[in-house]
Amino acid sequence: TAAIVGGAKFGAFEKTAALIKSAVSSEGVVARGSLALSESAGFNSAHAAALLKDVDTYIFDMDRTLVNTTKALNAYKDTLHAGITRISGLPPETVRAAMDATEAKLDTQFYGRRLDLMDSLKPHFPSGLDFNWKFNGVAKEAETAYHAALQPSPETIEMLEALKAKDKNLILFTAGSPIHTAEKLDATGLGKYFEKVYTNAKHPFEDLIGSNLTASAESRAKLIELSERPKAGVDGYRQILRDAEIAPKKAAMTGDHIDEDVARAKKVGMKGLWATWYARTGESEVIPDLVLTSPEDLTRAVADSPKR
């Protein structure tokens with residue numbers, strides 16, 4: 001146990017005292033009780049293993065945790081934009097405005113299979129033109145670019161393999177729509193690691209255009225739909241604990257969102273692990289149990305932990 005005492009004249013302590021008040025500093029240094037102190041100080045895997053010694057179920061967020069969704073979404077939108085601009089001959093800003101309007105109308109960025117719904121582009125073309133036919137190749141190119149950018153890193157695969165080798169239960173908890181989640185599991189190969197996959201309720205557009213033909217039966221069989229916005233509060237976590245028959249103290253949630261993935265998991269009694277390698281999302285004052293700067297941090301911690 002240690003105490004730091006300082007005041008205005010103790011300048012040497014000012015930075016340390018400031019760090020105690022906030023989980024992550026502008027330099028990336030982590031304090032306030034978490035065990036990952038900084039990238040330069042290194043990750044104390046032995047201490048992390050001790051913290052996680054009773055955990056036998058690891059629950060993971062997907063987007064910006066297991067996969068770099070931001071990179072993938074940018075690849076999708078940029079490819080769609082470039083293709084439509086090239087084929088239509090319209091100014092790039094006109095195409096971008098039409099894309100933004102379609103995204104807002106459908107509440108999704110994944111409308112490439114229904115380009116006929118890009119209403120603001122229609123005045124620029126002959127009446128009755130089938131946009132899905134005209135831009136069919138572009139939609140396929142965009143999906144290919146999205147899936148290529150969505151692939152998990154080798155470090156992420158190594159982390160999941162290490163957990164499986166220790167006989168840990170792995171569960172996925174995402175706010176994504178059911179069919180789109182199943183498609184991502186298929187595209188990334190991540191489905192084989194998870195016994196159950198908890199998702200948002202059906203999306204009025206994404207789950208309408210998705211079908212049994214766009215996702216494998218194996219991935220769809222793992223889906224368990226929760227209520228709309230299941231991470232907005234703690235109800236989603238409580239439902240998962242009940243459904244999977246998990247004791248909160250034996251579970252850890254890992255995700256990029258400090259509010260949705262860490263604070264709410266901790267509120268129901270789980271360990272909260274903040275995954276910061278792709279994003280540091282949210283503004284909660286809650287102290288993560290661990291701050292992970294790379295999937296390798298958890299891999300090393302798991303290597304020091306016992307099997308179930």
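Here's what I pulled together on the structure shown here. For every chain, the first residue of the written sequence is number 1, and numbering continues from 1 along that sequence. pLDDT decides what is reported in this predicted model: residues at 70 or higher carry local features, side-chain atom pairs at 80 or more are listed and counted, and totals for whole chains, interfaces and linings draw on all residues regardless. Note that water and hydrogens are dropped before the side-chain values are worked out from all heavy atoms of the structure.

### Regarding the pairing of strand 4 (residues 169-173)
So, step 1. When a residue's accessible area, from a 1.4 Å probe over protein chains only, is under 20% of the maximum for its type it is buried; when over 50% it is exposed; and in between it is partly exposed. Helical segments are the DSSP runs of H or I of at least four residues, strand segments are the runs of E of at least two, and each set is numbered from the N terminus. Most of strand 4 sits inside the fold, with four of its five residues counted as buried.
So, step 2. Any two strands with at least two DSSP-identified bridges between them are counted as paired. As paired strands, strand 3 (residues 57-60) and strand 4 are joined by four bridges and run parallel to one another. Note that in strand 4 the partner of Phe-60 across the bridge is Leu-172.
So, step 3. As judged from the three bridges shared by strand 4 and strand 5 (residues 196-199), these two strands associate in the parallel manner. Within strand 5, the residue paired with Leu-172 across the bridge is Val-197.
So, step 4. Seen with its strands pointing away from the viewer, a crossover is right-handed when the path leading from the first strand over the helix to the second is clockwise. Read from strand 4 through helix 8 (residues 178-188) to strand 5, the crossover connection turns out right-handed.

### Brief notes about the nonpolar core
So, step 1. Ranked by internal contacts, the top residues of the largest apolar core, which has 57 residues, are Tyr-58, Phe-60, Leu-80, Leu-160, Leu-190, Phe-194 and Leu-298.
So, step 2. Sorting elements by how many residues they give to this core places helix 6 (residues 136-150) first, with seven residues.
So, step 3. By definition, residues are in contact when any of their heavy atoms lie within 4.5 Å. Ignoring any residue separated from it by four or fewer positions in sequence, one finds Leu-298 in contact with Leu-52, Tyr-58, Phe-60, Met-159, Leu-163, Thr-254, Leu-273 and Leu-292.
So, step 4. Joining through side-chain atoms within 4.5 Å is the link that ties buried Ala, Val, Leu, Ile, Met, Phe, Trp, Tyr and Cys residues into a set, and such a set is a nonpolar core. Within the second largest apolar cluster, 15 residues are counted, among which are Ile-59, Phe-173, Ile-240 and Met-253.

### Observations regarding the packing of helix 3 (residues 69-88) against helix 4 (residues 92-106)
So, step 1. A fitted line through C-alpha atoms represents every axis, and for helices the fit uses only the stretch in contact; the resulting angles, taken between N-to-C directions, go from 0 to 180 degrees. One way to put it is that helix 3 packs onto helix 4 with a least axis distance of 9 Å and a crossing angle of 130 degrees. Looking at the two axes, helix 3 sits oblique to helix 4. Seen from above, helix 3 lies across helix 4 with right-handed handedness. Residue-level contacts link Lys-77, Asp-78, Leu-80, His-81, Ile-84, Thr-85 and Ser-88 of helix 3 to Pro-92, Val-95, Arg-96, Met-99 and Glu-103 of helix 4. For classification purposes, angles smaller than 35 degrees are called roughly parallel, those larger than 145 roughly antiparallel, those between 65 and 115 roughly perpendicular, and all remaining angles oblique. Crossings are assigned a handedness: left-handed for a near helix turned anticlockwise from the far helix by less than a right angle, right-handed for a clockwise turn.

### So, the side chain of Thr-276
So, step 1. Structurally, Thr-276 can be placed in the loop between strand 8 (271-275) and strand 9 (290-292).
So, step 2. For Thr-276, the side chain forms a polar contact with the main-chain oxygen of Leu-292, separated by 2.8 Å.
So, step 3. Sequence-distant contacts of Thr-276, defined by excluding residues within four places in its chain, comprise Val-291, Leu-292 and Thr-293. A 3.5 Å cut-off defines polar contacts: any pair of N or O atoms within that distance qualifies, except that in protein one atom must be a possible hydrogen donor and the other a possible acceptor, and neighbouring residues in sequence count only when both atoms are side-chain atoms.

### Re the packing of aromatic side chains
So, step 1. Pairing of aromatic rings covers Phe, Tyr and Trp, the last counted by its six-membered ring, and requires centre-to-centre distances within 6.5 Å; plane angles under 30 degrees mean stacked, over 60 mean edge-to-face, and any other angle means tilted. One pass over the structure, following the stated rule, counts eight aromatic pairs.
So, step 2. Note on Tyr-76 and Phe-110: the rings are 5.3 Å apart at their centroids and 55 degrees apart in plane angle, and the pair reads as tilted. Taken together, the residues span a long stretch of sequence, with Tyr-76 in helix 3 and Phe-110 in the loop between helix 4 and helix 5 (131-134) at a distance of 34 residues. The residues Tyr-76 and Phe-110 share a single accessibility class, namely buried.
So, step 3. A centroid spacing of 6.2 Å and a plane angle of 85 degrees characterise the contact between Phe-125 and Phe-135, whose relative ring orientation is edge-to-face. Here Phe-125 is found in the loop between helix 4 and helix 5, whereas its partner Phe-135 is found in the loop between helix 5 and helix 6, with ten residues between them in sequence. Judged on exposure class, the residue Phe-125 and its partner Phe-135 are both buried.
So, step 4. Taken together through their ring pairs, the aromatic side chains of Tyr-76, Phe-110 and Tyr-146 make up a single cluster.
So, step 5. For a lysine, the NZ atom is tested; for an arginine, the CZ atom; a charge sits over a ring if that atom is within 6 Å of the ring centre and within 35 degrees of the ring normal. One cation-aromatic arrangement involves Lys-231 over Phe-173; the distance from NZ or CZ to the ring centre is 5.0 Å.

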